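Chain by chain, the residues run as shown.
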Amino acid sequence: MDTSETLFEQAKKVLPGGVNSPVRAYRAVGLTPRFISKADGAYIWDADGRKYIDYVCSWGPMILGHNHPLIREAVEKAVKDGLSFGAPTAREVEIAQLMVEMVPNIEMVRMVNSGTEAVMSALRLARGATGRDKIIKFEGCYHGHSDSMLVKAGSSAMAGGCPSSAGVPADTAKDTLTAQYNDLSSVQQLFDENPGQIACIIVEPVAANMGVVGPNPGFLEGLRTICDKEGALLIFDEVITGFRLAKGGAQEFFGVKADIVTFGKIIGGGMPVGAYCASRALMEQVAPCGPVYQAGTLAGNPVAMAAGLAQLHYLDENPQIYTELQRKATRLADGMRNAVRETGAAVQINQIGSLAAPFFTPDTVESFSGAARSDLKKYAAYFAGMLNRGIYLAPAQFEAMFVSYAHTDADIDTAVEAAKAVFAQL
């Protein structure tokens, strides 16, 4: 029994399923999870010292790679002054100013502690601002684990076979309406059936919790048009795409304006943090300025702010990073597509920006229904084959591969060769 197996047996006695987040349990791939001891650049090491090329990147925020020296030094310096104050600091002002400069269409920022909390708060703001109760989300999109968002959710909720959750009151779920991603008619139908009742549409601009599914031409623009017509707000959940697709996130990348934007751990350099942002008129409806209440003792934690400032400043000052990320991810996706052609495997490779995902189906994937047709047993075999070849991927079909600035062409090519060998065996 290796160290990870020993640790997992111990963990199952004191942690539900042996983990603190469901996807980590590896149940979707039928294996024992690897317990990680350290990470640096594009690589991670498990508790037995095995080295892997990491394409999870802590689920996205390690856009510069793990343990980047500038971020590490910023954290070390901040820690010397204390871990938490529960009071305002200069760093929260500085990072908010920087975010407002980088992201289109936002004028104010409220820091929170996670992407889940950011989404929960953004929905409350949308309801408070419009005086309406109902919201629209998309089947297979994941927006954290608050009650109203665990309705036909993506990510590990879908991988585990339970896209909804026990413990969510029916009265809460009834106000969450579900449309089909990339299908504007399904959105308009919900507005027609609920006139004057829908506060907002919340969407992942790139659906990265059902694998990776990009918006068809006109889809995001169509959502903007519908919201304007119906008096609803448009929320972009950019926990994954924010500061990853572009400096200004999906709004910059696609040229579509959102009313509220949510961010997650990427603005903390990987440390626990989140934020929701909007115009001054909307954000001043949040307490203490307005009637929409939201608070948090650890919001704007000084250590997380230091890490986030270091990362965002680096991204802001080095825009070539985004061109390089696009090049590397395209090299990965194209290489995997060549491997598919050479082996004859029934696999689709989706990629947009520095996000990519394989689907084990012969059909193109443009929606939740397409993603759901992927052969999960083949994904499990693919995951095991890649892990055995030193490639660390998300242990579930309905997640993304993340390319970081630290990945080299050699790292990309190693992953492509591994995929080719695994595809040939499937």
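In what follows, the structure referred to is the one given above.
Below is a summary of the structure that appears in this document. (Residues numbered from 1 in each chain as written. Predicted model: local features only at pLDDT ≥ 70, side-chain atom pairs only at ≥ 80, totals over all residues. Heavy atoms only, no water.)

In the structure shown here, the tally under the stated rule is 1 cavity of 30 Å³ or more. The volume enclosed by the largest cavity comes to roughly 40 Å³. The wall of the largest cavity is formed by Pro-358, Tyr-379, Leu-393, Ala-394, Ala-396, Glu-399, Ala-400 and Met-401. Of the residues contributing to the lining of the largest cavity, the split by class is 7 nonpolar, no polar and 1 charged. (1 Å grid on protein atoms, 1.4 Å probe; cavity = no way out; pocket = protein on both sides within 12 Å on 5 of 7 lines; lining within 4 Å. Points joined across faces, edges and corners; volume = space filled by probe spheres on them. Nonpolar A, V, L, I, M, F, W, Y, C, P; charged D, E, K, R; others polar.)

The next subject is the side chain of Gln-294. The residue Gln-294 is located in the loop between helix H10 (280-283) and helix H11 (302-317) in this model. Only 2.9 Å separates the side chain of Gln-294 from the side chain of Arg-110, close enough to count as a polar contact. Engagement of the side chain of Gln-294 in a polar contact is seen with the side chain of Tyr-276, the distance being 2.9 Å. The residues contacting Gln-294, other than those within four sequence positions of it, are Arg-110, Val-112, Glu-117, Ser-121, Arg-124 and Tyr-276. (Helix = DSSP H or I, 4+ residues; strand = E, 2+ residues; numbered from the N terminus. Polar contact = N/O pair within 3.5 Å; in protein donor to acceptor, adjacent residues only side chain to side chain. Contact = heavy atoms within 4.5 Å.)

Our focus in this paragraph is the packing of aromatic side chains. Remark: the centre distance and the inter-plane angle together describe each pair of aromatic rings, the angle taken between the planes. Under the definition given, this model contains 13 aromatic pairs. In textbook terms, an aromatic cluster arises when at least three aromatic residues are bridged by ring pairs, as seen for Phe-360, Tyr-379, Tyr-382 and Phe-423. A cation over a ring is seen here: Lys-38 above Trp-45, with NZ or CZ 4.8 Å from the ring centre. One residue, Lys-51, lies across the ring of Tyr-43, its end atom 4.3 Å from the ring centre. (Phe/Tyr/Trp six-rings, centres within 6.5 Å; stacked < 30°, edge-to-face > 60°. Lys NZ or Arg CZ within 6 Å of the ring centre and 35° of its normal.)

On to the sheet that holds strand E8 (residues 233-237). On the basis of which strands lie adjacent, the open sheet formed by 7 strands has the order E4-E10-E9-E8-E7-E5-E6 and mixed pairing. Of all strands in the sheet, those bounded by a partner on one side alone are strand E4 (108-112) and strand E6 (176-179). The sheet shows a mean angle of 20° between the axes of neighbouring strands, direction not considered. As paired strands, strand E9 (residues 260-263) and strand E10 (residues 274-278) are joined by 4 bridges and run antiparallel to one another. (Pairing = 2+ DSSP bridges. Axes fitted to C-alpha atoms, helices over the stretch in contact; angles between N-to-C directions.)

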